[in-house]
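As a plain string of letters, each chain reads:
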Amino acid sequence: MTPELIIIHHQAQTHVAHIQLNRPKELNALSLQLLQELRDALTALDGDDSVRAIVLSGNDKAFAAGADIKQMAGRTAIDMYNIDQFATWDAIKKIKKPVIAAVSGFALGGGCELAMLCDMIVASETARFGQPEIKIGVMPGAGGTQRLTRAVGKALAMEMVLTGRFITAEEALKAGLVNRVTPLELYLSEAFRLAAAVAEMSPLAVKMAKESVLKAFDSTLEEGLHFERKNFYLLFASDDQKEGMQAFLEKRPPVFSGK
Ligand code: DAK
């Protein structure tokens with residue numbers, strides 16, 4: 001089925017795909033349909049060998065202003081349980097290829113959580129990050145209390161989650177939430193540049209490296225080091241390891257096949 005609320009572009013030359021959230025009138029509020037389309041697109045791109053990195057953006061005014069409050073307002077706890085939106089978020093979390101969020105304008109609530117599910121964030125100087133769920137009588141439900149705290153530390157996370165204050169792109173940069181901040185007209189091209197730089201590496205090594213970095217969030221140091229070591233050994237079974245090291249010895253750029 002052709003998606004209605006997202007736009008998908010492929011840049012064949014750089015092996016970078018781009019998914020744009022496209023509900024501009026609602027500031028890209030994350031309706032169930034949008035989230036399902038996003039999950040399906042990411043899953044399809046994850047299985048497409050011609051794609052090595054993915055850029056996820058909204059538009060200049062909003063990355064996403066959160067879950068769709070109009071859709072959620074009348075729901076009961078049992079509705080929420082039956083809809084099981086977490087399954088969609090979990091599927092997005094499992095994407096193996098690197099995903100880079102290009103954030104401009106509002107990244108709020110589920111929008112901030114979605115950006116934090118990505119592996120890197122490039123922000124325009126107009127970006128505003130926030131977890132304002134507290135202002136509508138709830139709290140973050142898709143990782144906001146956990147990923148935000150790990151990224152920016154307890155003091156700022158508490159303040160954002162308990163008061164709903166938005167932080168600027170510059171504050172987000174200082175706090176370690178985003179990788180870089182650019183002028184408005186450059187955030188997308190910068191995200192593509194970063195994605196293309198990752199896409200030049202061995203896709204297999206990139207996937208295993210991503211998996212290993214993420215392991216740091218839910219393991220002890222010993223477990224994480226063990227996991228890292230296994231992936232490191234495993235890469236010596238790849239053509240890309242042979243090619244990468246041979247190319248270095250021959251003083252030429254490597255040509256990675258992902259095998
Ligand atoms: N949902 C639905 N519509 C939204 C929206 C949202 N989150 N945010 C904005 N809109 C709509 C507005 O209603 C308005 O539509 P009309 O009224 O014109 O029809 C349109 O977008 C433009 O918004 P504004 O007129 O308000 O624009 P302003 O520039 O004046 O203000 C704003 C922009 C972003 C400051 C404001 O719209 C705002 O405060 N929006 C709500 C932000 C917010 O509270 N976000 C958190 C939502 S709760 C879960 C996973 C995740 C979540 C829940 C469950 N599971 C896995 C179960 C996440 C929850 C949330 O994100």
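Note: the structure precedes this text.
Residues numbered from 1 in each chain as written. Predicted model: local features only at pLDDT ≥ 70, side-chain atom pairs only at ≥ 80, totals over all residues. Heavy atoms only, no water.

Draft legend 1. Inspection of the overall build of the protein chain at higher detail. Each helix and strand in the protein chain was counted, giving twelve helices and ten strands. For 259 residues, the compact-globule estimate of 2.2 N^0.38 gives 18 Å, and the protein chain sits close to it at 19 Å. Seen through its principal axes, the protein chain has C-alpha atoms that stretch 60 × 40 × 40 Å. Relative to its 259 residues, the protein chain shows a buried fraction of 44%. A separation threshold of at least 6 residues defines the contact pool for the protein chain, and within that pool the share at least 24 residues apart is 67%. When the accessible area of the protein chain is evaluated, it comes to approximately 13,900 Å², of which 60% is carbon and sulfur surface. For the protein chain, the separation between the mean place of its 29 positive charges and that of its 31 negative charges on side chains is 2 Å. (Helix = DSSP H or I, 4+ residues; strand = E, 2+ residues; numbered from the N terminus. Rg over C-alpha atoms; globule rule 2.2 N^0.38 Å. Buried < 20%, exposed > 50% of the residue type's maximum accessible area, 1.4 Å probe, protein only. Contact = heavy atoms within 4.5 Å. Areas by Shrake-Rupley, 256 points an atom, 1.4 Å probe, with all protein chains shown as cover. Lys, Arg positive; Asp, Glu negative; His and termini not counted. Charge placed at Lys NZ, Arg CZ, Asp CG, Glu CD.)

Draft legend 2. Fine view of the sheet that holds strand β4 (residues 62-64). On the basis of which strands lie adjacent, the open sheet formed by four strands has the order β4-β6-β8-β9 and mixed pairing. What marks the edges here is a single partner per strand, and that holds for β4 and β9 (167-168). Bridge count between strand β6 (residues 106-108) and strand β8 (residues 128-130): three bridges; the pairing is parallel. Opposite F106, over in β8, you have R128 as the bridge partner. Against the sheet, helix α5 (residues 110-117) touches β4, β6 and β8, its axis set at about 90° to β6. (Pairing = 2+ DSSP bridges. Axes fitted to C-alpha atoms, helices over the stretch in contact; angles between N-to-C directions.)

Draft legend 3. Region of the structure containing a nonpolar patch on the surface. A cluster of nonpolar side chains, namely F232, Y233, F236 and M245, defines an oily patch on the protein surface of about 450 Å² accessible area. With respect to the helices and strands, the residue F236 is situated in the loop between α11 (221-235) and α12 (239-249). (Patch = residues over 30% accessible without salt bridge, like charges linked within 9 Å, V, L, I, M, F, W, Y side chains within 5 Å. Salt bridge = Lys/Arg side-chain N within 4 Å of Asp/Glu carboxyl O.)

Draft legend 4. Quick look at the pairing of strand β7 (residues 120-124). Within β7, four of the five residues are buried, leaving the element largely enclosed by the surrounding structure. The pairing of strand β5 (residues 99-103) with β7 spans four bridges and is classified as parallel. Residue pairing in the sheet places A101 in a bridge with I121 of β7. Direction of pairing for β7 relative to strand β10 (residues 180-182): parallel, over a ladder of three bridges. Following the sheet pairing, V122 is matched in β10 by R180.

Draft legend 5. View of empty space enclosed by the protein. Applying the stated criterion to the full structure yields one cavity of 30 Å³ or more. In this structure, the largest cavity is lined by R52, K97, P98, V198, A199, M201, P203, V206 and K207. Of all elements in the fold, only α9 (187-199) and α10 (203-215) reach the threshold of two or more residues within the lining of the largest cavity. Taken together, the residues of the lining of the largest cavity break down into six nonpolar, no polar and three charged. (1 Å grid on protein atoms, 1.4 Å probe; cavity = no way out; pocket = protein on both sides within 12 Å on 5 of 7 lines; lining within 4 Å. Points joined across faces, edges and corners; volume = space filled by probe spheres on them. Nonpolar A, V, L, I, M, F, W, Y, C, P; charged D, E, K, R; others polar.)

Draft legend 6. Local environment of the state of the cysteines. Under the criterion given, the structure shown has zero disulfides. We note that C118 lacks a disulfide partner, and the nearest cysteine sulfur, in C112, lies 11 Å from it. Overall, C118 belongs to the buried group, its relative accessible area being 10%. (Disulfide = S-S within 2.5 Å.)

By themselves these figures say nothing about function.
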